[in-house]
Amino acid sequence: MTLTTSRPARSVPEDGTMTLRVTSIVKSGRDIRTFTFADGARGSGCADGVPLPGFVPGSHLVVQAGPYTNAYSLVSDGTAPTEYSISVLRVADGAGGSRWMHSRLQVGDEIRVWLPRSAFPPIARATKHLLIAGGIGVTPILSHLRAARRWHRDTQVLYTFRPENAAHVDEVTTLTDGRAELYTVRADFVTRLAEVLTTQPLGTHLYVCGPGGLIDHVVDSAKAAGWPESRIHFERFGIDALDAGDPFQVHLTGSEITLDVPSGTSMLEAIEAAGVAVPNRCRQGVCGECRIPVTAGTPIHRDLYLSAEEKNAGDAVMPCVSRAADGCTLEIPL
């Protein structure tokens, strides 16, 4: 008889980072690569590998991609994982992180990541989960489907994509037992969406991820069909998905400076322009490095780092992406 013992999960440093090793790179579309990471000390994605911290569906992984720091949704299973997988769309005119991942990262390389964080979880009390994905936005939807299958949750999936970048279609089909509705013609998707939004049972929650235009259309259509905002959930990718925002003021109480933050300028940029240094890394609201306290005023949180409880507390803000409520001056002890 062979005796087996479970391996303890790897320890994580106080800064919340881990060094993982690339164990697999798979071409998932013309411009999409799926990267799988396992414990850096072993370089093994096998079932007997060192366990990694688990995560809830819809979580993202912050990756140090050379000089860039980006967040990518996890597509792998978050229950007792021994590996993490992300799918990365190469964006030609982006900040450079996706290009670095595609061109520089190789199997066997080590890479620094932060602990998975959740910003787009499924609602446990929902009677049904309506999942809408557009393009690379299928990535968080995929982890939702893995959990839904495990817990026998009622789901319906609409996935629209370009044929040349049909990421994870086979997995989506398998996880839904062939019931996923797949669209490569936008007009067909729009027509079906209008039908689906008006035929859901009471208690259904809607989740959508994809390009900004698709998210806006789905959310606007749902509201027009009578969906309450509490049952509509969406996730946008990157700072480029954020609008320019309204102008506001921030008062640096330690420096006795009041700054105007124009539309299209981040609070972090305004503070730096005034000669006040703020530690920062990603400038996209995902790493948490630039977190600063708020002593007065109401922030509009647009980051993917703070938890819902932390955002509700209103005593901290990520100045790289977040702003202030209308007519409000934020007071920051800098």
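Each value, and the rule that gives it
- Residues numbered from 1 in each chain as written.
- Predicted model: local features only at pLDDT ≥ 70, side-chain atom pairs only at ≥ 80, totals over all residues.
- Heavy atoms only, no water.
- 1 Å grid on protein atoms, 1.4 Å probe; cavity = no way out; pocket = protein on both sides within 12 Å on 5 of 7 lines; lining within 4 Å.
- Points joined across faces, edges and corners; volume = space filled by probe spheres on them.
- Nonpolar A, V, L, I, M, F, W, Y, C, P; charged D, E, K, R; others polar.
- Domains from an automatic or database assignment.
- Helix = DSSP H or I, 4+ residues; strand = E, 2+ residues; numbered from the N terminus.
- Buried < 20%, exposed > 50% of the residue type's maximum accessible area, 1.4 Å probe, protein only.
- Contact = heavy atoms within 4.5 Å.
- Pairing = 2+ DSSP bridges.
- Axes fitted to C-alpha atoms, helices over the stretch in contact; angles between N-to-C directions.
- Parallel < 35°, antiparallel > 145°, perpendicular 65-115°, else oblique.
- Left-handed = near helix turned anticlockwise from the far one by under 90°.
- Core = buried A, V, L, I, M, F, W, Y, C linked by side-chain atoms within 4.5 Å.

J.: Any chance you could break down the layout of surface pockets for me, citing the residues and the numbers?
T.: Empty space within the second largest pocket amounts to approximately 440 Å³. The residue inventory of the lining of the second largest pocket, partitioned by class, reads 8 nonpolar, 6 polar and 6 charged. Each of domain 1 (15-115) and domain 2 (126-234) accounts for three or more of the residues forming the lining of the second largest pocket.

J.: Describe in detail the side chain of T155, supporting the description with residues and values.
T.: Here T155 is to be found in strand β9 (residues 155-160). On the basis of relative accessible area, T155 is assigned to the buried category, the value being 9%. Setting aside its immediate chain neighbours within four residues, T155 contacts K128, H129, L131, L145, A148 and R179.

J.: Would you mind going over the pairing of strand β3 (residues 59-65) in detail, with residue names and values included?
T.: Counting buried residues in β3 gives 7 out of 7 residues, a clear majority hidden from the surface. Here β3 shows a buried face lined by S59, L61, V63 and A65 and a second buried face lined by H60, V62 and Q64. Pairing geometry for β3 and strand β7 (residues 117-118), over 2 bridges, is antiparallel. Its bridge partner lying in β7, H60 is registered against R117. Bridging between β3 and strand β4 (residues 68-73) involves 6 bridges; their strand directions are antiparallel. Counted as the bridge partner of L61 is Y72 from β4. The turn joining β3 and β4, which pair antiparallel and follow one another in sequence, is formed by 2 residues; a positive phi near 60 degrees is taken by G66. Taken together, the 2 bridges between β3 and strand β6 (residues 110-114) define a ladder with antiparallel strand orientation. By the bridge assignment for β6, V63 is matched with V113.

J.: Describe the packing of helix α4 (residues 186-197) against helix α5 (residues 212-224), listing the residues and the values that go with them.
T.: As a packed pair, α4 and α5 sit with axes 10 Å apart at the nearest point and diverge in direction by 30 degrees. Regarding the angle of α4 to α5, the classification is roughly parallel. Relative to α5, the crossing made by α4 is right-handed. From α4, R186, F189, V190, L193 and L197 reach across to α5, where they touch G213, L214, H217, V218, S221 and A222. In the contact of α4 with α5, the residues fall into 7 nonpolar, 3 polar and 1 charged.

J.: Help me get a handle on the nonpolar core, residues and values and all.
T.: Counting residues in each nonpolar core, the largest one holds 23 residues, and the members touching the most others are V250, L252, M267, I271, L330 and I332. For this core, the element with the most residues is helix α6 (residues 267-273), which contributes 4 residues. Apart from residues no more than four positions distant in its own chain, L252 is found in contact with I257, L259, I271, V276, I332 and L334. By size, the runner-up hydrophobic cluster in this structure holds 21 residues, among which are A133, V138, V172 and Y207.

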